[in-house]
Amino acid sequence: MVDSHNIYFNEEHLLLRKMVREFSNEELKPLAQDIDKNSTFPKESIKKIADLGLMGIPWSEEYGGGGMDNLSLVIAIEEMAKVCVSTAVTVMAHTSLGSGPFALFGSDKQKEKYLPKLSDGTMIGAFGLTEPNAGSDAGNTQTTAVLKDGKFIVNGQKVFCTNAGVAGVIIFTSKIVEDGEDKGIGALYVDANTKGLRFGEPEKKMGWKGSDTRSVYFDNMEIPAEHILGKPDTGFKQFLKTLTGGRISISALGLGICEAGYQAALKYANERDAFGRKIGDFQSIAFKLADMATQIEAAKHLVYHAAYLKDNGQDIIKEAAMAKLFTSELAMNITTEAIQIHGGYGYIREYNVERFFRDAKILEIGEGTSEVQRIIISREILKSLSY
Ligand SMILES: Cc1cc2nc3c(=O)[nH]c(=O)nc-3n(C[C@H](O)[C@H](O)[C@H](O)COP(=O)(O)OP(=O)(O)OC[C@H]3O[C@@H](n4cnc5c(N)ncnc54)[C@H](O)[C@@H]3O)c2cc1C
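From a predicted model like this one, the values you see are computed outputs, not experimental measurements.

A.B. asks: Lay out the site of the ligand with the relevant residues and their values.
C.D. replies: Around the ligand, the structure places 23 residues, and the nearest of them are L129, G135, S136, T369 and E371. For the shell around the ligand, the elements supplying multiple residues, two or more each, are α4 (85–105), β1 (125–128), β3 (151–162) and α10 (370–383). Each residue belonging to the shell around the ligand can be placed in one class, and the counts come to eleven nonpolar, nine polar and three charged.

So this is what it looks like as C-alpha cells:
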C-alpha cells in the first residue's frame, strides 16, 4: 500500500517502524501460532522487547523511559500486532495502563521508585478498574479501602485484569473511606507480593490467548497510605484520562489486525485459482480488497491524527474514541472478509486469519465498548452545539 502517512512521521518514527517491523517479523511471527495454540505468555519476547527499549516508549528519559512520543507508541504496537496480538497487547497494557498512571499522576518519589523498573521491563504493570458489577458503569466500584493508622485496608475484587499474573505492581481503583466517611474513588497501587493480594486462574479466552487475564482479590490487604496516586477523590478522573490515552494504543492494535487480515487476503487472492483464474480477478473479491484498503487508509489517518493531537497537547476525548470505535469495528469486518476470501482454508488455523479474527473481537469491548464510544462521541459533538 502507498504510504501517505509521512505527514505524521519524522525520520525517528520511520526508523522506529523499520526496527520494530524487522524485529516483529524475525522474532515474534515465528512464535505467534504456538502462543495462540498453547495460551503461553510470551515471556522471552517481552524480555527482547525490553532489551530494545520498547517497554516505556513515551515516558521521560529522566525516569528511564524512551523519551519518545505517543505516535511512536502507536507505531510500535501496530507493528507488533500485525504478527502477534497477544504480545502487542501485553506491551500496550503494560505501557498505557500499567505504567501510564505513574507517569501522569505519580509524585516524584513514586515515579523514581516505579517508572525506571517499568520502563526497562524488569517490572510489568497492570491496571484494575473493572469489577464483577462495574464494567461500563465503572463508577459503581465496590472495592473499598479504609484508611486507618497510616495504612489502607483494602477489600474487593477486580476482574479481567490484563497482565495481573505477571505484574510486579497493580494500579487499581477503590472507594476511599476515612473516619467512616466516603472520600470518593481513588487510584491506589499494590506490589505483587503483598499479603492479602490473591490472583484467580487465567481466564480461558476466545483470543488474546497469550495475554495474561485474571481476577485479582483483595482480602483485608494492607498497603501504606502513600500508595495512592494523586488525591483520594481524583482517582476516577485519572482512570478516565488514562483510558482516553489508552484508546489510541488500542486503536493501534486494531490497525495492526486490519493490516494483517488485508495482507493475508491480498496474497491469497493472488494465489488461489478458481474457474481457471485467480480469485482476485473476480470483481466481488477485488472489491472487498478495495474496500479494505480504503478503510485502512481512513483508519490510519484517524489513529495517527489522534496521537498527533495528543503529542501536541490537544484535547483528544472525541478523536481517541473515534479512532478506537472505527479501528475495532473495522478489525472485525476486515478479518471476517479475510476469512471469506480464504474460503474454507480461512477457517483453518494454519492460515492465521481466524486467529486475527478471534483477537479482534475484544477490541470492541475492552477499554470502553463500542456502545460507550458512541456515547462519548455523541456527547462531545452535541456539546459543541449547545452554545
Ligand atoms: C481480555 C480482556 C482484557 C481486559 N483487560 C482489562 C484490564 O486490564 N483492566 C480492566 O480494568 N478491565 C479490563 N477488561 C474489562 C473490560 O474493559 C470490560 O469488559 C468492558 O469495559 C465492559 O465491561 P463489562 O464486561 O462489565 O460489560 P457491561 O458493562 O456489563 O456491558 C454489557 C453490554 O451492555 C452495554 N452497555 C452497558 N452500559 C451501556 C449504556 N450506558 N448504554 C448502552 N449500552 C451499554 C455494553 O456496551 C455491552 O454491550 C478486560 C476484558 C477482557 C475480556
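Alright, that's what it looks like, and here's the rest.
A.B. asks: An account of the pairing of β1 is needed here, citing residue identities and associated values.
C.D. replies: It is a general feature of regular strands that their side chains alternate between the two faces of the sheet. Here β1 shows no split at all, with G125 and F127 on one side and A126 and G128 on the other all buried. Here β1 runs beside strand β4 (residues 169–178); their pairing, made up of four bridges, is parallel. The residue of β4 that forms the bridge with F127 is I171.

A.B. asks: Describe the domain arrangement of the protein, naming the residues involved and giving the relevant values.
C.D. replies: Along its sequence, the protein is carved into domain 1 (11–124), domain 2 (126–236) and domain 3 (243–382). Between domain 2 and domain 3, the C-alpha centre-to-centre distance is 32 Å. Each partner contributes residues to the interface: domain 2 has four residues there, and domain 3 has six residues. For the side of domain 2 that touches domain 3, the per-class residue count stands at two nonpolar, two polar and no charged.

A.B. asks: For the pairing of strand β7 (residues 213–224), give the residues involved together with the corresponding values.
C.D. replies: Where β3 meets β7, nine bridges bridge the pair, whose relative direction is antiparallel. Residue pairing across strands places F152 opposite I223, the latter belonging to β7. Here strand β6 (residues 197–199) runs beside β7; their pairing, made up of three bridges, is antiparallel. Note on β7: the bridge partner recorded for L197 is F218.

A.B. asks: Outline the packing of helix α6 (residues 235–271) against helix α9 (residues 353–361), listing residues and values.
C.D. replies: Interhelical geometry of α6 versus α9 gives an angle of 155° and a closest axis separation of 10 Å. Considering the angle they form, α6 stands roughly antiparallel to α9. For the crossing formed where α6 meets α9, the hand is left-handed. Within the contact between the two elements, α6 uses I257, A260, G261 and A264 and α9 uses V353, F356, D359 and A360. Residue classes in the contact of α6 with α9 are distributed as six nonpolar, one polar and one charged.

Criteria and cut-off values
Residues numbered from 1 in each chain as written. Predicted model: local features only at pLDDT ≥ 70, side-chain atom pairs only at ≥ 80, totals over all residues. Near = placed C-beta within 6 Å. Helix = DSSP H or I, 4+ residues; strand = E, 2+ residues; numbered from the N terminus. Nonpolar A, V, L, I, M, F, W, Y, C, P; charged D, E, K, R; others polar. Buried ≥ 20, exposed ≤ 12 C-beta atoms within 10 Å, placed from the backbone. Pairing = 2+ DSSP bridges. Domains from an automatic or database assignment. Contact = placed C-beta atoms within 7 Å. Axes fitted to C-alpha atoms, helices over the stretch in contact; angles between N-to-C directions. Parallel < 35°, antiparallel > 145°, perpendicular 65-115°, else oblique. Left-handed = near helix turned anticlockwise from the far one by under 90°.

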